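Spelled out from the first residue to the last, the chains are:
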Amino acid sequence: MKFIHAADLHLGSPFKGLTDLPLQIKQQVLQAITQSFTALIDTAVKQKVDFVILAGDQFDDVQRNLQAQVLLQQQLIRLADAQIPVFMVYGNHDYLTADQAMINLPDNVRVFGPKVTTKTLQTKSGVTVAVSGFSYDQNHITTDRLAEYPQRQSQVDYQIGILHGQIGQPGDNYAPFTLQELMSKGYDYWALGHIHQRSILAQKPYIIYPGNIQGRHRNETEAKGFYLVNYDGQQTRPQFQASAPVIWQNVTLSVADLTDIDKLMAAIQAAITVPENTLVELTLTQVQTLPPKLLEKITSGELLATLQTLDHQQHFNYVYRLKTEAQPLQVYQSIDAQYWQAAAKEVFQADAIQKHLGKLQQVEAIRELYQQKDFPQWIQQQTLTLLEQNEGELQ
Amino acid sequence: MRITGVKILGFGCWVDQTLEFQPDYQVIWGNNESGKTTLLHFIRSILFGFATARGHKKYLQYIPHNSSQYGGEVYLTVEQTPWTVRRIKKGKKNEELSVFRGSEPVALAEYQDLIAPMTATLFGQTNFIDRTTLDQVYQLTDDQLLEAIMTVGAVGSKDWLQLAHQFTNNADQMYRPRGKKLVLNQLLQQSGELQTHLTDLAHENQDFQKLAQQVTQIQSQKKQLQKQITQQQHQLDQQQHLLQLWPQYQKWQELQATKYQPEIASADWQHFEKLQQQLQSQQQVQTNLQAQQAQLQLSRAEQTQLQYYQAHATELHQLQATKQQLDFTASQMQQQVKPQQQEVEAQIQTLLQQTDGLQATTQPLSSTELSTYQQLQQKVQEAKTTANAIPGIALPATFSKPSVVIVLSLLVGVLTGGISHNWFLAGVIFLLALGLSWWGLHYVRRQSQVSEQKVAAAITALQQFQTKHHLPQTPDLDILTWQTQAAQMSHYQTRLVQLQEQVQQYQQALDHWRQQTQNQLPDAIAPAELAHYCQRMEKLQQRQEQLQQQQLTDQIADLQQQHKQTQAALIKLLQQYHVTTAEELEQLHRQNLADVQQREQQRVLQQTLKTALPQLQQIDTNTTLENQISALQTTIQTDQKQLAVLNEQQAQWQAEQQHLADDNQFAQVQQEVEFNKAAIQETFTQWLSNQLAALWISTTLNQASSNRYPHMLARAQQFFARLTNQRYRKIEFIKQELAVVNAQKDRFTVRELSRGTATQLFLAFTLAFALEVADLSAMPLLIDDALVDCDQVRRSNIVGLIQELAATTQIIYTCTDIHTANLFAASNVLQLGKDDH
């Protein structure tokens, strides 16, 4: 028996953390999630899987973008045409609400309600499968729902549990559970969702986070896709299938001993060129060793601009951000160090900073930034970098 | 620490020079370009490091022009211990630093510890005061000057201030609360626009839902309308059906109205028919019988005849038999005799034709006659033969003519003459010829005449015989044949006679019979009619017999009785139906039949109209019906048009739905929103860090200053008093405000001072701060021609000032003015320029 386990599709979700993209790349980016999902369905049909499991967060928000719904419907219809049933739960982003979808899903799709239920299926080859799961009906599920899951049924050949949540304790926001609890149910496979970084938490039975199917920002790097799971009657063999057309990468490159622009460019190219289409955040370390004119090119943004105007027709490894790391120089004199530090304590206070913002406090993007816990330290670091960059002026 | 001397190997314009300094203070004076400034820079370079290619103008490298060496030594006294700091640079990168305490080398780390926290930068900022420091003050605005003064207490405060201003500037370039064209402002503007756009697009979901609702609604509307139309259609069909049935209905109505004649029961009618039939047949039979009777009945005449016949029956029968025989004979006559007669006659005719001269009565010759004829015939023949022997008989007549003879003879004569040319001869010949021929002819003629006579005689004899015996008059008659033929003829004639006799016999017999018959038969009857007569009589007899047999009269009487009975029954039946004659009943019956048809029709119509009847009965005329129908049709049309409109609307809405579903704009705008957000965050970070950098700097400077200020204030006050020649005795620092107080206890804010005085105030603070720093680091103070712009009176104050400063810190002071230099103790004055380069 074969099935596909995927989660966190986040259909319709945009890419975050980019300020702009060249047109061709932008178009590919807009299509990236769709492409990844379509590839998933292609595999399902080609491999003639017995069923597909979608473990939550199919949509980015509870409003459910219309086109995302249409996309889901169209692709699930393809599965319906191939007589492949779908087991689906909704997660914390796309939880069930009273006024639901405007798009009707085909009959082969079996959605789990807010209470834990078990649905059974008999595959074409006669294997009986039971699937237990539930959908979120609100943003946070703080109780431990595992108690509601039944013990493994004896008369079925294979039992799967679907759970969109996170390891934790009751009171945590996302259906907290422990590995022991999962294992105690005696199921043959746990299809998890919610964590976007894929990982295999256990092997007997397999407890798997497939991760999301397409990275959307700098924290969702490397290959993304879904799991194709094979069960031959005795052993379960999950196999990761990459399906994301655009890969995020964070690359670090030391520029020590690079003395001119050509060597620098060559080194950069070597570091970022890969066969896949990538969006790269490139961090150059030890930039203090560079000749000043070269460093100037970096800090002025000229180097980045050059990197970004390379050809992106068929394939791109696009550097969307260029960061530099230098050995921190003493910006201020040590005899005044105490005053600098005292002043820093005064200036880099959350409330003090907020006072500066004025109307900017109301800007969503900005609020998001400064409401982060370590924002004062972070902005202090940025300011220090700024001073470092300008410390040449002081000499 | 105090600098006791220097040894310059190569620096700027200095080459291989050694100088000694006084530990308290050292004044160095010289003209411009004498290397004073260079010297100070040298000290700094040796102590803290050569200037690199990086960095700014303040701190120059002073690569020596005339020496291959670069660097030198500085001699220090640290806590009464002599130290040597030697720093040289070979080439571009090899900077060699060696430090000795006395003659012992010192670890560089220890040296660093010694000079810490002083760095080249710090030294430059705090322990190095030159004109530029003060000159720059002149370029500041009043506020900036105040600021400068207020923040003297931090290291490099002026530069920091400049940087802070730059940062603030940068930030202001990026964003201002009411800005429109600045980067962050524009991004924020864009953000608003994108959000609005997104919100509009986000309505898609609602719009889609709304459209779905509308579509459902319209579908139910359509359904209803369709139902309505179907109903109306049904009604229309019904009405049209009624209209169709209308004529039939009218007919039905008519039929309903008719009154029917009483119906003859089928049994009765059958009875009636039977009676009629009976009557008829009875009548028929009766008539037949009566006819028969009539037929058979003999008339009186017939009776008489019959009696007569019966009387003579036997004889008549006999005669009949005879007649039969005769008939038989007649037939025989007919069959045989007659034909034979005909045959013979034909044969006779044939023979007559064949033979000329033969007649019916011709008899064959007897044998003697025959031989006679033959002899005669022979004679003729002989005569002829002789005649023929005579030549010339055959000559044609023409030749006998004389004319011809003459001509011929002439001809001969001519010919001869011609040939012989002897006309005498010719003449002779002619005559001869003539004569010959004439004779000849004559002879011949005679001869022929004779023979002819003989012939004629023979012929005559023959002819006479012929006439006698009735032979034809032909001369060459073949008598034998004639004989045969004659014999034949004779035979035929005999036969003929025989036959005729037969006939005659029959005839006689017939006549006899005739006679007899005539006797027997009644007068009116001819014998030829015997058979007929007998037959007739026989028939009469038969009739009589029949009549007697059949008893016809009784039968007829019976029939008549029956007939009466039948008629009575008939009348009874008729009476039952109140009619008098059978025709009337028949008419009634026809009427009945017609009625049946009608009734049937009525029944059929009733059946046909059954379902529609109640409706039809409600309508008075078909015009009403037609009106209803046309009204319905109009309604249906209107409804169908409405339906089409609804369909169109539904299609439109569904197309809109599809458009919404296909529209990619939301995703695009969402992505733009993210781009915008990231850009805002980046720009904001830049802006904020610039703002905070400026703030950090000014806060630090303020903190440092306000920390050091109180202590510095005392010194600054002192210095300021000295520099202003005791004019201003006090400096007050109250609530961040700086003010000076003169002897008269008048307070002046810094803004109220003249620029020169303000500069001196700044200098006082700078010196005070330098001493603060010096307290920490005990480094000498290098003042490069900085105390200028003082009038003479104040100049001397500077001397006192330096001497005072020197108490705690070594001062190395350069100047160009000899007068100033002379104010100092000569031992502390070094002159550059004349002997050193």
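Everything here concerns the structure above.
To keep things clear, this report deals only with the structure shown in the data block. (Residues numbered from 1 in each chain as written. Chains lettered and ligands numbered in written order. Predicted model: local features only at pLDDT ≥ 70, side-chain atom pairs only at ≥ 80, totals over all residues. Heavy atoms only, no water.)

## So, the nonpolar core
Nonpolar side chains in soluble globular proteins tend to be buried together.
Phase 1: Grouped together as the largest cluster of nonpolar side chains are 92 residues, with contacts concentrated most on Val-6, Phe-21, Leu-738, Leu-761 and Phe-765 of chain B.
Phase 2: Looking at this core, the element that brings in the most residues is helix 22 (residues 755-777) of chain B, giving twelve residues.
Phase 3: For Leu-738 of chain B, the contacting residues outside a window of four places in its chain are Leu-146, Ile-149, Met-150, Tyr-709, Ile-731, Glu-732, Phe-733, Phe-748, Thr-749, Val-750, Leu-761 and Phe-765 of chain B.
Phase 4: Counting 40 residues, the second largest nonpolar core, distinct from the first, contains Leu-386 of chain A together with Met-174, Ile-680 and Ala-693 of chain B. (Core = buried A, V, L, I, M, F, W, Y, C linked by side-chain atoms within 4.5 Å. Buried < 20%, exposed > 50% of the residue type's maximum accessible area, 1.4 Å probe, protein only. Helix = DSSP H or I, 4+ residues; strand = E, 2+ residues; numbered from the N terminus. Contact = heavy atoms within 4.5 Å.)

## Examining the pairing of strand 10 (residues 737-742) of chain B
Residue and element names in this part refer to chain B.
Phase 1: Of all six residues in strand 10, five are buried; the element is thus mostly enclosed.
Phase 2: Sheet analysis places strand 9 (residues 728-734) next to strand 10, joined by six bridges and oriented antiparallel. Its bridge partner lying in strand 10, Ile-734 is registered against Glu-737.
Phase 3: Bridge analysis of strand 10 against strand 11 (residues 747-749) gives three bridges, and the strand direction is antiparallel. Among the inter-strand pairings, Ala-739 is bridged to a residue of strand 11, identified as Thr-749. (Pairing = 2+ DSSP bridges.)

## Description of the sheet that holds strand 7 (residues 158-164) of chain A
All names here are of chain A.
Phase 1: The strand order 5-6-7-8-10-9 describes an open sheet built from six strands, whose pairing is mixed. Sheet topology places strand 5 (117-122) and strand 9 (199-203) at the edges, where each strand pairs with a single neighbour. When the angles between neighbouring strand axes are averaged without regard to direction, this sheet yields 15°.
Phase 2: Bridging between strand 5 and strand 6 (residues 128-133) involves six bridges; their strand directions are antiparallel. Bridge pairing in strand 6 links Lys-119 to Val-131. (Axes fitted to C-alpha atoms, helices over the stretch in contact; angles between N-to-C directions.)

## A look at the sheet that holds strand 8 (residues 128-130) of chain B
Residues and elements named next belong to chain B.
Phase 1: Ordered in space as 8-12-13-3-14, the five strands form an open sheet in which the pairing is parallel. On the outer flanks of this sheet lie strand 8 and strand 14 (829-831), each paired with one strand and no other. Sheet twist, expressed as the mean angle between neighbouring strand axes with direction ignored, is 15°.
Phase 2: In the packing of helix 3 (residues 120-127) onto the sheet, the strands contacted are strand 8 and strand 12 (781-784), and the crossing angle to strand 8 comes to about 45°.
Phase 3: Against the sheet, helix 4 (residues 131-139) engages strand 8 and strand 12, with an angle of about 55° to strand 8.

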